[in-house]
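Coordinate analysis (summary)
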Amino acid sequence: MKILLIEDDIFFQKFYTFKLTEKGHQIEIGSNGEEGIMKLQQFQPDIILLDLVMPKKDGFAVLSELRKNPAWSAIPVLVFSTLEQKQDVERAKQLGARDYVNKSFFDFENLLKKLEAVAGTRTV
Amino acid sequence: MDSNDLSSFKGLYLKTARDYIVSMKDNVDRLKANHQDQQAITDMHIIAHSLKSQSLVMGYSKMGKGSEQIEKIFSAIKNGGKVVTPILLDQISSVIEKFIESLSHIETTDTEIDTSKNITELEQFLT
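Here is what the cut-offs are and how they apply
- Just so you know, the residues in each chain are numbered from 1, in the order the chain's sequence is written.
- Chains carry letters and ligands carry numbers; both start at the beginning, A for chains and 1 for ligands, and go up in the order they are written.
- It should be noted that, the model being predicted, local features are given only for residues of pLDDT at least 70 and side-chain atom pairs only at 80 or more, the latter also being counted only at that level, while totals for whole chains, interfaces and linings use all residues.
- Heavy atoms throughout the structure, all of them, feed into the side-chain values; hydrogens and water do not.
- Helix numbering and strand numbering both begin at the N terminus, where a helix is a DSSP run of H or I of at least 4 residues and a strand a DSSP run of E of at least 2.
- Any two residues whose heavy atoms approach within 4.5 Å are treated as being in contact.
- In this description, accessible areas are obtained by the Shrake-Rupley approach with a 1.4 Å probe, and a residue is regarded as covered only by the protein chains that are shown.
- Neither His nor the chain termini are counted; the positive set is Lys and Arg, and the negative set is Asp and Glu.
- The atom standing in for a charge is NZ when the residue is Lys, CZ when it is Arg, CG when it is Asp and CD when it is Glu.
- What is meant by a nonpolar core is a set of buried Ala, Val, Leu, Ile, Met, Phe, Trp, Tyr and Cys residues, joined one to another through side-chain atoms within 4.5 Å.
- Remark: exposure states derive from per-residue accessible area (1.4 Å probe, protein chains only) relative to the maximum for the residue type, with buried under 20%, exposed over 50%, and partly exposed in between.
- Known as pLDDT, the predictor's confidence for each residue is given on a scale from 0 to 100.
- Here the quantity called buried area is the accessible surface, traced with a 1.4 Å probe, that two parts lose on coming together, added over both.
- Whenever a carboxyl oxygen of Asp or Glu lies within 4 Å of a side-chain nitrogen of Lys or Arg, that contact is scored as a salt bridge.
- For the purposes of these results, a polar contact is taken to be a pair of N or O atoms within 3.5 Å, where, inside protein, one atom must be able to donate a hydrogen and its partner to accept one; residues adjacent in sequence count only when each atom of the pair is a side-chain atom.
- Under the scheme applied here, ten amino acids are nonpolar (Ala, Val, Leu, Ile, Met, Phe, Trp, Tyr, Cys and Pro), four are charged (Asp, Glu, Lys and Arg), and all others, including Gly, are polar.
- Here the expected length of a helix is defined as 1.5 Å per residue gap, with one fewer gap than residues.

So, about the overall build of chain A. Of regular secondary structure, chain A possesses 5 helices and 5 strands. Secondary structure elements of chain A occur, N-terminal to C-terminal, as β-α-β-α-β-α-β-α-β-α. Each principal axis of the C-alpha distribution contributes one length, and for chain A these read about 30 × 30 × 25 Å. Look at the contacts in chain A between residues 6 or more apart in sequence, and 63% of them connect residues 24 or more apart. If you sum the accessible surface of chain A, you get close to 5800 Å²; carbon and sulfur atoms cover 49% of it. Averaging the positions of the 17 positive and the 18 negative side-chain charges in chain A gives two centres separated by 3 Å.

Below, the structure is given as structure tokens:
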């Protein structure tokens with residue numbers, strides 16, 4: 001699976017890249033919302049993993065931009081959240097995110113299941 | 001190896017956490033010079049959010065909770081509900097020193113130091 005990871009935190013960039021690459025996935029990274037959108041010019045992901053709190057265009061702004069562009073609006077998005085961000089997850093879903101992954105604790109099998117499930121929801 | 005085993009990421013966590021703490025200190029200095037430095041306020045919110053997330057995922061709950069409090073404080077300041085004060089900056093500086101100590105403890109013993117008193121002080125800022 002081709003995954004665009006839009007995440008500013010270097011720890012999580014390396015962490016998720018290592019873990020997901022080990023499972024055979026191809027990862028491209030956008031270090032903030034602006035860079036994530038720019039990556040879409042050259043990389044066609046099967047799914048986007050999106051952090052919500054980032055500098056230079058946060059996750060909500062990215063979601064808004066994705067849904068406005070016909071070339072990108074079909075790409076399913078899984079957002080990262082932490083325990084206190086329930087309202088943010090709801091807002092993200094209203095903006096088009098398909099599901100979320102809790103960033104507060106790591107459950108790799110759950111992440112893989114969600115990736116498979118959400119990637120399968122891509123609209124044509 | 002258990003796919004949820006994170007021990008191999010400890011070195012990465014320590015490096016990135018220490019980098020964040022340096023940035024936090026820089027932003028506290030900027031805020032001491034100008035309580036209304038919007039960029040420093042935004043940066044503190046993002047840094048605290050990131051430090052919280054990676055600390056929690058690595059199982060360092062005290063670091064996570066302390067960072068979460070700082071994140072909440074700067075979210076409130078960004079939204080106009082609270083303002084930066086000299087007392088707040090002193091409390092955050094104390095928490096940062098505790099973080100530095102805790103990271104050294106984590107490095108050698110994989111356990112955190114007690115930061116509950118500092119966290120309680122930060123919680124009171126939001127009441």
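Here the focus is the nonpolar core. Note on soluble globular proteins: their nonpolar side chains tend to be buried together. Ranked by internal contacts, the top residues of the largest apolar core, which has 56 residues, are A:Leu20, A:Leu111, B:Tyr13, B:Ile70 and B:Phe74. Ranked by residue count, the leading element in this core is helix 1 (residues 10–33) of chain B, at 9 residues. Once you skip the residues sitting within four places of it in the chain, A:Leu20 turns out to touch A:Ile3, A:His25, A:Ile27, A:Leu49, A:Phe108, A:Leu111, A:Leu112 and A:Leu115. Counting 20 residues, the second-largest nonpolar core is a separate cluster that includes A:Leu50, A:Val62, A:Val77 and A:Val79.

The pLDDT averaged across chain A works out to 90; a share of 95% of its residues lies at or above 70. The weakest mean pLDDT in chain A belongs to helix 5 (residues 108–119) of chain A at 88; the strongest belongs to strand 2 (residues 26–30) of chain A at 97.

In this section: the interface of chain A and chain B. Between chain A and chain B, the residue contacts involve 23 residues of the former and 21 residues of the latter. Summing both partners gives a buried area of about 1800 Å² for chain A against chain B, and 66% of it is carried by carbon and sulfur. Taken together, chain A and chain B are joined by 0 salt bridges. For the pair chain A and chain B, the interface holds 2 residue pairs in polar contact (both at pLDDT 80 or more). Considering each element in turn, the side of chain A that touches chain B owes the most residues, 7 residues, to helix 1 (residues 10–22) of chain A. For the side of chain A that touches chain B, a count of residues per class yields 11 nonpolar, 3 polar and 9 charged.

Moving on, we get to helix 4 (residues 86–109) of chain B. All names here are of chain B. The terminal C-alpha atoms of helix 4, which comprises 24 residues, lie 34 Å apart, in line with the 34 Å expected from a rise of 1.5 Å per residue. Those residues of helix 4 lying buried are Leu 88, Leu 89, Gln 91, Ile 92, Val 95, Ile 96, Phe 99, Ser 102, Leu 103 and Ile 106. On its buried face, helix 4 is in contact with helix 1, helix 2 (38–57), helix 3 (61–78) and helix 5 (116–125). Residue Asp 110 follows helix 4 closely and has a positive phi angle near 60°.

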